[in-house]
Amino acid sequence: MGDGPVDRRRRVPRTDALLADPVLAAATATLGRDQVKAVITRAQDRARRGELNPDEVRDAAVAALPTPGPRVVFNATGVVLHTNLGRAPLSSTAVAAVVAAAGHTDVELDLATGRRARRGRGALDALAAAVPDAGAVHVVNNGAAALVLAATALAAGREIVVSRGELVEIGDGFRLPDLLESTGARLREVGTTNRTSLADYAAALGPQTGFVLKVHPSNFRVTGFTSATDVRELATLGVPVVADIGSGLLGADPLLPDEPDAASTLRAGAALVTASGDKLLGGPQAGLLLGDVEVIDRLRRHPLARALRVDKLTLAALAATLHQPDTPTRAALHADPGVLRERVERLRDRLGADGRKAEVVPAVAVVGGGGAPGVELDSWALSLPERYATPLRTGHPPVLGRVVRGRLLLDLRCVPADADEAVRAAVLRVPGDD
Ligand SMILES: *Cc1c(COP(=O)(O)O)cnc(C)c1O
């Protein structure tokens, strides 16, 4: 291959070929053809001037696309709910609902009467129907907001009785005790890190008690000489029990036997359950509140409720997720290891045909994102030399794996099956010398 200016010019990819690239073609839908063409022309000009190799034009054009929002990535980390990757991906039904709701909607209007109606009743009715044990339900921005609303409306200026073993940090330096105290409620800590008995709670109750709080330690486990008091026992104390179950499981899941669910927790006697919408439920970021009618009414009418109210897009995604709960999160959790292995083997074979040496190795996936900390999910991964990690992470689209002992593992559990080809193409774009 010649290296002179004429040869180089001849090797610059043509505009129509570049416009056929899947990433550039997809970009024309959001940015418009003219803007994408302008980006392509600039990359071609750089190659003609000798600033780029001709085979780098495509990547340079993709890298130069304006990115108005967060970038779509492939999660091959084996962490099902990865907080840094936006936790739960929405189902296609939920995505369609979000797109449909982006225009004018009847979010707060009853079309039959022409009068104002309860905001987001479609999502609220679906949540209530999914958990018949709840007398009433409400939805706010996220799990933290649900707790803030509960603490403010039910315990501001009073005490929240909580075990020392449950004063958890939920991530990025945010700690539940700080969050609760920011509402003006006082924490009355009882018991010890590893053991808290019913008597510890009982001794702390008094006229100042707003409620007893039970927090599910969703991102760590304490093992050994431990003892906790469950909601059923706490409900005998004669004060309201608020249970932060974290993960948003609405009913029990046999795969996750230690994970509390909303229905069982309400049946055990909790007056209020709080949870996230974008963890195990697999829906949009939201804070779910389920509980006694009077409690939910107090929360809904509190002035703070207006500041925590959810967007119509969230309500649309939540309603769709509740109506059709076969989410990508559920699919990833329940994926058959045998099927995953076949996918990884096929990927290895096809990469091998292109001269890339990859191995198929067993892997362990986890729930992540504040859910089921002890649970290990048998999985399979494509193992590549570690040098692939950075170019794949910074590529277009980015593919995120996990580096373990000098190898990059790509676990396909959380990669949609129809994206295996995109992962293969991404690996092939990394210059290969192995
Ligand atoms: C995740 C979690 C929270 C915070 O919920 P967000 O939806 O992230 O605000 C609070 N408590 C527990 C137990 C959690 O697992």
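Residues numbered from 1 in each chain as written. Predicted model: local features only at pLDDT ≥ 70, side-chain atom pairs only at ≥ 80, totals over all residues. Heavy atoms only, no water.

1. Digging into the overall build of the chain
Part 1 of the argument: If you tally the helices and strands in the chain, you get 19 helices and 17 strands.
Part 2 of the argument: If you line up the chain on its principal axes, its C-alpha atoms span 85 × 60 × 35 Å.
Part 3 of the argument: When contacts within the chain are restricted to residue pairs at least 6 apart in sequence, those whose partners lie at least 24 apart make up 73%.
Part 4 of the argument: Each charge class in the chain can be summarised by its mean position, and for the 52 positive and 51 negative side chains these summaries are 5 Å apart. (Helix = DSSP H or I, 4+ residues; strand = E, 2+ residues; numbered from the N terminus. Contact = heavy atoms within 4.5 Å. Lys, Arg positive; Asp, Glu negative; His and termini not counted. Charge placed at Lys NZ, Arg CZ, Asp CG, Glu CD.)

2. Some words on the site of the ligand
Part 1 of the argument: Contacts to the ligand come from 13 residues, most closely from Gly143, Ser218, Asp244, Ser276 and Lys279.
Part 2 of the argument: Here Arg87 contributes a side-chain N or O atom positioned 2.8 Å from an oxygen atom of the ligand.
Part 3 of the argument: Considering the ligand on its own, with 380 Å² of exposed area, one finds that the protein chains cover 93% of that surface.
Part 4 of the argument: For the shell around the ligand, the class distribution of residues is 3 nonpolar, 7 polar and 3 charged. (Near = heavy atom within 4 Å. Polar contact = N/O pair within 3.5 Å; in protein donor to acceptor, adjacent residues only side chain to side chain. Areas by Shrake-Rupley, 256 points an atom, 1.4 Å probe, with all protein chains shown as cover. Nonpolar A, V, L, I, M, F, W, Y, C, P; charged D, E, K, R; others polar.)

3. Things to note about the pattern of salt bridges
Part 1 of the argument: Counted according to the given criterion, the structure contains 25 salt bridges.
Part 2 of the argument: A salt bridge links Glu189 to Arg164, with the shortest nitrogen-to-oxygen separation between them at 3.4 Å. Taken together, the residues span a long stretch of sequence, with Glu189 in strand S8 (residues 186-190) and Arg164 in the loop between strand S5 (159-163) and strand S6 (169-171) at a distance of 25 residues.
Part 3 of the argument: By relative accessible area, which is 41% here, Arg164 ends up partly exposed. (Salt bridge = Lys/Arg side-chain N within 4 Å of Asp/Glu carboxyl O. Buried < 20%, exposed > 50% of the residue type's maximum accessible area, 1.4 Å probe, protein only.)

4. A few points about the UniProt feature "domain: L-seryl-tRNA selenium transferase N-terminal" (unreviewed entry) in the chain
Part 1 of the argument: Those places that UniProt annotates as "domain: L-seryl-tRNA selenium transferase N-terminal" (unreviewed entry) correspond, in this numbering, to residues 9-48.
Part 2 of the argument: Helix makes up 85% of residues 9-48 and strand 0%. Its end C-alpha atoms lie 5 Å apart. (UniProt positions renumbered as here; feature names shortened; annotations may be inferred.)

5. Structural notes on the packing of helix H17 (residues 337-353) against helix H19 (residues 420-429)
Part 1 of the argument: Running from N to C, H17 and H19 point in directions that differ by 35°, and their axes come no closer than 11 Å. Remark: the crossing between H17 and H19 carries right-handed chirality. Every residue of H19 that contacts H17 at Arg343, Leu347, Arg350 and Leu351 is listed here: Asp420, Glu421, Val423, Arg424, Val427 and Leu428.
Part 2 of the argument: Considered class by class, the residues forming the contact of H17 with H19 number 5 nonpolar, no polar and 5 charged. (Axes fitted to C-alpha atoms, helices over the stretch in contact; angles between N-to-C directions. Left-handed = near helix turned anticlockwise from the far one by under 90°.)

6. Brief notes about the packing of aromatic side chains
Part 1 of the argument: According to the stated counting rule, one finds 0 aromatic pairs in the structure shown.
Part 2 of the argument: Note that Arg195 overlies the ring of Phe225, its terminal NZ or CZ placed 3.8 Å from the centroid. (Phe/Tyr/Trp six-rings, centres within 6.5 Å; stacked < 30°, edge-to-face > 60°. Lys NZ or Arg CZ within 6 Å of the ring centre and 35° of its normal.)

7. A closer look at the sheet that holds strand S16 (residues 402-404)
Part 1 of the argument: A sheet is described by the order of its strands in space; here 4 strands give the open sequence S13-S14-S17-S16, paired in antiparallel fashion. A strand with exactly one partner marks an edge of an open sheet, and here the two such strands are strand S13 (359-366) and S16. Geometrically, the sheet is characterised by an average inter-axis angle of 45° between neighbouring strands, direction not taken into account.
Part 2 of the argument: The sheet contact formed by S16 and strand S17 (residues 407-411) spans 3 bridges and is antiparallel. In the sheet register, Arg402 faces S17, and the bridge partner there is Leu409.
Part 3 of the argument: Here H17 sits on the sheet and contacts S13 and strand S14 (376-385); the angle it forms with S14, its principal contact strand, is near 5°. (Pairing = 2+ DSSP bridges.)

8. Things to note about H17
Part 1 of the argument: For H17, spanning 17 residues, the distance from its first C-alpha to its last is 24 Å, which sits close to the expected 24 Å at 1.5 Å a residue.
Part 2 of the argument: Looking at H17, one finds that the buried residues are Leu340, Arg343, Val344, Leu347 and Leu351. Seen along its axis, H17 keeps its buried residues to an arc of 95°; they face one direction.
Part 3 of the argument: Next to the buried residues of H17 lie S13, S14 and H19.
Part 4 of the argument: Capping the start of H17, Asp336 holds a side-chain oxygen 2.8 Å from the backbone nitrogen of Gly338, two or three residues further along.
Part 5 of the argument: Of the residues flanking the end of H17, it is Gly355, one or two places downstream, whose phi is positive at about 85°. (Expected span 1.5 Å × (residues − 1). Arc of directions from axis to C-beta.)

9. Points about the pairing of S17
Part 1 of the argument: Counting buried residues in S17 gives 4 out of 5 residues, a clear majority hidden from the surface.
Part 2 of the argument: For S14 and S17, the ladder comprises 5 bridges, and the chain directions are antiparallel. Residue pairing for S17: Leu384 is matched across the bridge by Leu408.

10. Describing the pairing of strand S10 (residues 241-246)
Part 1 of the argument: Taken across its 6 residues, S10 has 6 buried, putting it largely inside the fold.
Part 2 of the argument: Across the two faces of S10 the burial is the same, with Val241, Ala243 and Ile245 and Val242, Asp244 and Gly246 all buried.
Part 3 of the argument: Note: strand S9 (residues 209-215) against S10, 4 bridges, orientation parallel. Looking at the pairing, Val212 lines up with Val241 of S10.
Part 4 of the argument: This β-α-β element, S10 to helix H12 (residues 262-267) to strand S11 (residues 272-276), shows right-handed connectivity. (Right-handed = clockwise from strand over helix to strand, strands pointing away.)

11. Structural notes on the sheet that holds S10
Part 1 of the argument: On the basis of which strands lie adjacent, the open sheet formed by 7 strands has the order S4-S12-S11-S10-S9-S5-S8 and mixed pairing. Edge positions in the open sheet fall to strand S4 (136-140) and S8, since each of these has one partner strand only. Across the sheet, the axes of successive neighbouring strands diverge by a mean angle of 25°, strand direction being ignored.
Part 2 of the argument: The sheet contact formed by S5 and S9 spans 4 bridges and is parallel. Bridged to Glu159 within S9 is Thr209.
Part 3 of the argument: Sheet strands touched by helix H7 (residues 121-130): S4 and strand S12 (287-291). Its angle to S4, the strand with the most contacts, is close to 130°.
Part 4 of the argument: Its contacts with the sheet put helix H8 (residues 143-155) on S4, S5, S9, S10, S11 and S12, and the angle it makes with S9 is roughly 160°.

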